[in-house]
Amino acid sequence: MKKLVLLGALALSVLSLPTFADEKPLKIGIEAAYPPFASKAPDGSIVGFDYDIGNALCEEMKVKCQWVEQEFDGLIPALKVRKIDAILSSMSITEDRKKSVDFTNKYYNTPARLVMKEGTAVSEGLTELKGKNIGVQRGSIHERFAREVLAPLGAEIKPYGSQNEIYLDVAAGRLDGTVADATLLNDGFLKTDAGKGFAFVGPAFTDVKYFGDGVGIAVRKGDALKDKINTAIAAIRENGKYKAIQDKYFDFDIYGK
């Protein structure tokens, strides 16, 4: 009888091993200064579209999310040294970044825009930006675009640690404008009191060379986690969880074509 009990206990312990493995938290890097995708609530908690999507994906994969805050330009280095397992922070899928990390399928796709004083005339050729101070978030695709496209036209490119710092200087007149994700600019600045008197100007920017194929979740090169997350993205798109989160923040289809 004792042998049977012992064998039963061993069998249970073996069966329980995958469960313990599944309980290992998934460490996700995020910059919580990018509303409406990720920002801090008054109580200090993280809120936003990226945060909710990440939690929905963890729930689908049956793992616990452990959120790790990091400035945007430090996210890929943190991933490489295994401080985090994935980056879910509105990171666009670009060829340049693919050299360092693997990306999941996209989970949303929006264009970039330029915001300046309402009424500012900016043509398709962007020549009116000569001598203008344009703020960009350091380490972002928008910084690369601004340096390679706007700077040669005579724009002065000013990098900042966060988009919120840029908004302060735009509102104060220390910057003439900023280039960033259109949804971010609309919800995080134009719809706020600080954004009164400012507007989108010029064309929408969608060049795949700079803005990639949408926004994805970054993982380390060769990590099987990519396939698990892709399966989870497809699942929440199918079961309605994605749309419920989208409708909480936006009145349009942010997933894109």
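Everything here concerns the structure above.
Residues numbered from 1 in each chain as written. Predicted model: local features only at pLDDT ≥ 70, side-chain atom pairs only at ≥ 80, totals over all residues. Heavy atoms only, no water.

Draft legend 1. Seen up close, the side chain of Gln 163. With respect to the element layout, Gln 163 can be found in helix α6 (residues 163–171). Looking at Gln 163, its side chain comes within polar contact range of the side chain of Thr 178, at 3.1 Å. When residues no more than four places from it in sequence are discounted, the contact partners of Gln 163 are Ala 33, Gln 137, Thr 178, Ala 180, Leu 184 and Leu 185. (Helix = DSSP H or I, 4+ residues; strand = E, 2+ residues; numbered from the N terminus. Polar contact = N/O pair within 3.5 Å; in protein donor to acceptor, adjacent residues only side chain to side chain. Contact = heavy atoms within 4.5 Å.)

Draft legend 2. The pairing of strand β9 (residues 156–160), seen in detail. Strand direction decides the pairing type here: strand β8 (residues 133–137) and β9, joined by five bridges, are parallel. For Asn 133, the partnering residue across the bridge sits in β9 and is Glu 156. Considered for its hand, the β-α-β crossover made up of β8, helix α5 (residues 141–150) and β9 is right-handed. (Pairing = 2+ DSSP bridges. Right-handed = clockwise from strand over helix to strand, strands pointing away.)

Draft legend 3. Representation of the packing of aromatic side chains within the structure. Overall, the coordinates contain 20 aromatic pairs when judged by the stated rule. Residues Phe 49 and Tyr 249 carry aromatic rings whose centres are separated by 6.4 Å and whose planes lie at 85° to one another, so their mutual orientation is edge-to-face. Highlighted residues: Phe 49 in helix α2 (residues 49–61) and Tyr 249 in helix α10 (residues 241–249), separated in sequence by 200 residues. Since its relative accessible area comes to 0%, Phe 49 is described here as buried. With a centroid separation of 5.4 Å and an interplanar angle of 50°, the aromatic rings of Phe 189 and Phe 198 are classed as tilted. Both residues of the pair, Phe 189 and Phe 198, belong to the buried class. The rings of Tyr 34, Phe 37, Phe 49, Tyr 107, Tyr 108, Tyr 242, Tyr 249, Phe 250, Phe 252 and Tyr 255 are connected pair by pair, giving a single aromatic cluster. Directly above the ring of Tyr 255 sits Lys 106, whose terminal nitrogen or CZ lies 4.4 Å from the centroid. (Phe/Tyr/Trp six-rings, centres within 6.5 Å; stacked < 30°, edge-to-face > 60°. Buried < 20%, exposed > 50% of the residue type's maximum accessible area, 1.4 Å probe, protein only. Lys NZ or Arg CZ within 6 Å of the ring centre and 35° of its normal.)

Draft legend 4. Molecular detail of the pattern of salt bridges. Per the stated rule, a full pass over the model turns up 13 salt bridges. In this structure, the salt-bridge partner of Lys 248 is Asp 52, at a minimum N-O distance of 2.9 Å. Here Lys 248 is found in helix α10, whereas its partner Asp 52 is found in helix α2, with 196 residues between them in sequence. On the basis of relative accessibility, which here comes to 16%, the residue Asp 52 falls in the buried class. Between Arg 220 and Asp 85 there is a salt bridge, with its nearest N and O atoms 3.5 Å apart. In this pair, Arg 220 sits in the loop between β12 (215–219) and α9 (225–239) while Asp 85 sits in the loop between α3 (75–80) and β5 (86–92), placing the two residues 135 residues apart along the sequence. Residue Arg 220 shares its accessibility class with Asp 85, and that shared class is buried. Several salt bridges converge on common partners, so that one network encompasses Glu 59, Glu 60 and Lys 241. (Salt bridge = Lys/Arg side-chain N within 4 Å of Asp/Glu carboxyl O.)

Draft legend 5. Representation of the nonpolar core within the structure. By size, the foremost hydrophobic cluster in this structure holds 45 residues, and its most contacted members are Phe 49 and Leu 57. If you tally residues by element for this core, the top one is α2, at six residues. Once residues lying within four places of it in the same chain are set aside, the contact partners of Phe 49 are Pro 36, Phe 37, Tyr 107, Tyr 108, Tyr 242, Ile 245, Gln 246, Tyr 249, Phe 250 and Ile 254. (Core = buried A, V, L, I, M, F, W, Y, C linked by side-chain atoms within 4.5 Å.)

Draft legend 6. Main features of α10. Among all positions of α10, only Tyr 242, Ile 245 and Gln 246 are buried. What you see down the axis of α10 is that its buried residues fit within an arc of 100°, all on one side. With respect to the buried face of α10, the exposed residues turned more than 90 degrees away are Ala 244 and Lys 248. In the core, the buried residues of α10 are packed alongside α2 and α9. (Arc of directions from axis to C-beta.)

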